[in-house]
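# A look at the structure
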Amino acid sequence: MFLNLDEVFKIMEQLADVTLRRLLDNEGFDLDPDLQEPSQITKRDLEARAQNEFFRAFFRLPRQEKLHAVMDCSLWTPFSRCHTVGRMFTSDSYICFASKEDGCCNVILPLREVVSIEKMEDTSLLPNPIIVSIRSKMAFQFIELKDRDNLVESLLVRLKQVHANHPVHYDTSGDEDMTSPVFYSTSMCSDHKFGDLEMVSSQNNKESEKETSPRLHPEALTAVFQQSGSQSPDSRMSREQIKISLWNDHFVEYGRTVCMFRTEKIRKLVAMGIPESLRGKLWLLFSDAVTDLASHPGYYGNLVEESMGKCCLVTEEIERDLHRSLPEHPAFQNETGIAALRRVLTAYAHRNPKIGYCQSMNILTSVLLLYAKEEEAFWLLVAVCERMLPDYFNHRVIGAQVDQSVFEELIKEHLPELAEHMNDLSALASISLSWFLTLFLSIMPLESAVNVVDCFFYDGIKAIFQLGLAVLDANAEDLCGSKDDGQALMVLSRFLDHIKNEDSPGPPIGSHHAFFSDDQEPYPVTDIADLIRDSYEKFGDQSVEQIEHMRCKHRIRVLQGHEDTTKQNVLRVVIPEVSILPEDLEELYDLFKREHMMSCYWEQPRPVAPRHDPSRPYAEQYRIDAQQFAHLFQLVSPWTCGAHTEILAERTFRLLDDNMDHLIEFKAFVSCLDIMYNGEMNEKIKLLYRLHIPPALTENDRDSQSPLKNPLLSTSRPLVFGKSNGDAFDYQKQLKQMIKDLAKEKDKTEKELPKMSQGMLQDPQWMPETMHSTELCTVMCCVVMFPSIMDQREFIQFCKTLYSMFHEDPEENDLYQAIATVTTLLLQIGEVGQRSGSSGSGSQECGEELQASAPSPEQDSVFADTNTGKIPQDSQGLPEGAEGDWTISLEHILASLLTEQSLVNFFEKPLDIKSKLENAKINQYSLKTLEMNRQSQPELKLSSL
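Residues numbered from 1 in each chain as written. Predicted model: local features only at pLDDT ≥ 70, side-chain atom pairs only at ≥ 80, totals over all residues. Heavy atoms only, no water.

## Things to note about the packing of aromatic side chains
One pass over the structure, following the stated rule, counts 34 aromatic pairs. Summarising the aromatic geometry, the rings of Phe 592 and Phe 669 are spaced 5.5 Å apart at their centres and angled 40° between planes, so their arrangement reads as tilted. Taken together, the residues span a long stretch of sequence, with Phe 592 in helix α24 (residues 582-602) and Phe 669 in helix α27 (residues 666-678) at a distance of 77 residues. Look at Phe 629 and Phe 669: their rings are 6.0 Å apart centre to centre, the planes differ by 85°, and that puts the pair in the edge-to-face class. Placement of the pair is Phe 629 in helix α25 (residues 626-636) and Phe 669 in helix α27, with a sequence separation of 40 residues. (Phe/Tyr/Trp six-rings, centres within 6.5 Å; stacked < 30°, edge-to-face > 60°. Helix = DSSP H or I, 4+ residues; strand = E, 2+ residues; numbered from the N terminus.)

Encoded structure:
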């Protein structure tokens, strides 16, 4: 029971977010098991999902990490000499802590780093304490934990599982105390130390040779391609040494591994700029990429071996962009850096084909390679693409567009005057999109942009939001004075291009992506440290929870905007090719997409074939299968044929499925409907004709009992039938049943008509002038009797469809007479040119067979003579048999139908699609529900046994 409107709105917002993300990205979006069945979703499930997403976003953990428990507690923080109040989060592979006071203290403890979890003695000063010991000889004391026993038990079970899956190799080269400057990497491949501020490979590990194989570059590129700065060596080194000294002091007090205490003090150190020698190592710690590196020894090397040398579209795109990645830096002016960049990008595309390779990944990866080893750069890229910037790197860059939308809201909140001046804030998106996609690396000098990347790895996307606001705030006056978007772009480009890093030990490296202008006078320089400090002081109050909430809200709008754009592009492609009105096409598109979407939720089992592919042309992005097409055909097709409708829908789907992938797109669907509703008579007959020859009519057609003996035909060839070799009984049965069904349907059509009787066929008011009951009986008798006619499966199915199409038509009676006449004429045309002969005995046998198979007088005895009950002797003049092929063409069928005005009127009368669409919108869900109920009934019966 919901207590207020805010609660209802929040639940609706969550449901909409889950629905849109799942339906529009059903390949990349993994739904929680508890939310798989829509009818079983509860408020508690949605709250658990929201809490789980917040947990992963706050600590920037892998998507597959599942939150198990959240509980209040206090953590002993030695730097403040007190217990800090907060909450503990436990998941599959992590124990995390966040203080209640935002930014006071956060801790991430990968279970891989944990050595032991122990319960301590419960006292009044330390209620319900536990001690978590980690490999770097540090211990974390938690107190005030409710249900401590169950918590410890569950943690020990998961700890045992983690260590079983990823055994840990300890460094036994020497004993070191907690205060020594040592960073224990959890990698099995090497142990890294901060003692001399360099990464030193362990000699005790058997995998070290593989990691330093000549194929992989063994160290960060800046270590190889050192540049001389504009400053004096002493000045440059003194600034670096000061920073290094500050960081070493911090390591001693707060820890130096991934398990370090993360406080406001470390944020200030990061904002000043991480020392060059520590940058790559701290990026690994802050992003927790070090845990991925440790958990997958040899993984990257195997990926490189598997992926290199393979040529595909992705590798071609990578090759094209390799030489565009930081071309001004000497590390990428030779094959060493280019080869390392190629290996990392290709390996990641091989690891994650859903993302593959997207532009801007090359710029980010090249910077990662400057400060981290090749394998470390790979795992940093994994962390950025899959955890820190979710949904950024794909064909539609949904994540970046969502954050652009969030950024616009933040501008309105923090810079209202600028927002008021720039009425259309979407204009800023063209400028600021690269800020988010490349973390300012493409529009800011490299030595300044790496400081931004430092903040990003520590604070996540929050750092980019607040820095973007700081940039706009610094230029607010000039932006408000700009006359157009071009001038605004000039203002921002010049500002960003003149951001310098006075503490950088290397020479300035301009951004080749920046917009340059010819300045007549020197432009003022902004120091990156000052800009970052301003961003934290003025705009650093946004919490992760607030950002995630805004992302959820704007994701709905962005995805809906994408769908509206796709819809308009599809209609723009389709409208010129059909006669259906645009507003009706829009309704059809909604029905088509809704059918696709319902399958994602309602079908059991879930559809495997990809129904939605954003990489395809707009008109082909959404596709439906045969079952979904049958639903839509029944809802909107004007050719309703009763029980035969489903079979006709199957044949129509096979006809439209040109590439045989068992899926059709909207354009093919609506083109077919356009013929049915707006086509000329000859177009409609041609479509009907094609529905009754291969590939629409197959050997396994549900409405046909005999295999097809003839080769595939096209509409340009006559319909050719061969003689049967043993299927005569099947076709006899089909023809006779068709005649009986026709009689039964006649009896049902109009209540005022009398029940069909034996003499009805002789009534001149009922029969067409060109055909009497004796003629029809004789012709049908020949069809049943002679093999050259009996085996004509396509013609039988064509006739059956025509008969069934007239059901419940106001002119049904006249149409039945007319089609009977046309059928007779076509049968006679098919006999032209064949050898024939007459025999009294033969026709007598024909009459006896038909009499034996005809229904009793109490049922539907249509063709028997009213006096004798036998076939009249008029039939003896028809041919007894035939040799060769019985052929009939589309032209024959069309010419025969044109002889009957009632048929011409039926196929040429205007049809109203609007009423069909209105009924379809109402009945689409009920039709799906009925089908699901039918599917579930057998399961219910089985379960009740």
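After that view, the rundown keeps rolling.
## Some thoughts on helix α10 (residues 299-307)
Each full turn of the α-helix corresponds to 3.6 residues, which orients residues three or four apart in the same direction. Of the positions making up α10, those classed as buried are Tyr 300, Gly 301, Leu 303, Val 304 and Ser 307. Here the buried residues of α10 occupy an arc of 160° about the axis, which is enough to place them on one side. Taken together, the buried residues of α10 touch α12 (335-351) and α14 (374-388). (Buried < 20%, exposed > 50% of the residue type's maximum accessible area, 1.4 Å probe, protein only. Arc of directions from axis to C-beta. Contact = heavy atoms within 4.5 Å.)

## Observations concerning unusual backbone geometry
For the bond from Pro 694 to Pro 695, the omega torsion is 5°, close enough to zero to count as cis. Note that Pro 695 resides in the loop between α28 (681-690) and β12 (719-721). A positive phi angle, near 90°, is found at Ser 360, a position not held by glycine. Tracing the backbone shows Ser 360 in the loop between α12 and α13 (361-371).

## Remarks on the environment of Thr 438
Position of Thr 438 relative to the elements: it lies in the loop between α17 (426-437) and α18 (446-459). The class for Thr 438 is buried, based on a relative accessible area of 5%. Note: C-alpha distance between Thr 438 and Ile 363 (75 residues apart in sequence) is 7.0 Å. Discounting chain neighbours no more than four positions away, the residues touching Thr 438 are Ser 360 and Ile 363. A polar contact is formed between the side chain of Thr 438 and the side chain of Ser 442, at a distance of 2.9 Å. (Polar contact = N/O pair within 3.5 Å; in protein donor to acceptor, adjacent residues only side chain to side chain.)

## Considering the sheet that holds strand β2 (residues 82-91)
Taken in spatial order, the 7 strands line up as β4-β3-β2-β1-β7-β6-β5 in an open sheet, and their pairing is antiparallel. Of all strands in the sheet, those with a lone pairing partner are β4 (106-110) and β5 (114-119), marking the two edges. For this sheet the average axis-to-axis angle between neighbouring strands, irrespective of direction, equals 30°. Note that strand β1 (residues 67-77) and β2 share 10 bridges and pair antiparallel. Bridge pairing in β2 places Ala 69 opposite Thr 90. Running over the sheet, helix α2 (residues 43-59) touches β1, β2, β3 (94-99) and β4 and is turned about 85° from β3. Against the sheet, helix α3 (residues 148-165) engages β1, β2, β3, β5 and β6 (130-134), with an angle of about 160° to β5. (Pairing = 2+ DSSP bridges. Axes fitted to C-alpha atoms, helices over the stretch in contact; angles between N-to-C directions.)

## Focus on the nonpolar core
With 140 residues, the main nonpolar core has Phe 142 and Trp 435 as its most contacted residues. Every residue in contact with Phe 142, bar those within four places of it in the chain, is listed here: Cys 73, Ser 74, Leu 75, Met 88, Phe 97, Leu 109, Asn 128, Pro 129, Ile 130 and Val 132. Residues Leu 571, Met 597, Phe 669 and Ile 819 belong to the second largest nonpolar core, which totals 69 residues. (Core = buried A, V, L, I, M, F, W, Y, C linked by side-chain atoms within 4.5 Å.)

## Regarding the packing of α18 against helix α22 (residues 528-539)
In the contact formed by α18 and α22, the axes pass within 9 Å of each other and the chain directions differ by 30°. For the element pair α18 / α22, the angle class is roughly parallel. Read as a crossing pair, α18 and α22 show a hand that is right-handed. Counted together, Ser 448, Asn 451, Val 452, Cys 455 and Asp 459 of α18 and Ile 528, Ile 532 and Tyr 536 of α22 form the full contact between these two elements. (Parallel < 35°, antiparallel > 145°, perpendicular 65-115°, else oblique. Left-handed = near helix turned anticlockwise from the far one by under 90°.)

## As for the confidence of the model for the chain
Across the chain, pLDDT averages 76, with 70% of residues at or above 70. Counting interchain partners and residues more than four positions distant, the pLDDT-below-50 stretch residues 745-791 has 107 contacts. (pLDDT = per-residue confidence, 0-100.)

## A word on the pattern of salt bridges
Enumeration according to the criterion identifies 34 salt bridges in this entry. Where Glu 264 meets Arg 267, a salt bridge forms, and the shortest distance between an N and an O atom there is 2.7 Å. Of the two residues, Glu 264 and Arg 267 both sit in helix α7 (residues 264-272), 3 residues apart, roughly one turn of that helix. Overall, Glu 264 belongs to the partly exposed group, its relative accessible area being 36%. Put simply, Glu 583 and Lys 914 hold a salt bridge, and the shortest N to O gap is 3.9 Å. Placement of Glu 583 in helix α24 and of Lys 914 in helix α37 (residues 913-944) is noted, with a sequence separation of 331 residues between them. Glu 583 gets classed as partly exposed once you look at its relative accessible area, which sits at 43%. The network of salt bridges with common partners includes Glu 7, Lys 43 and Glu 47. (Salt bridge = Lys/Arg side-chain N within 4 Å of Asp/Glu carboxyl O.)

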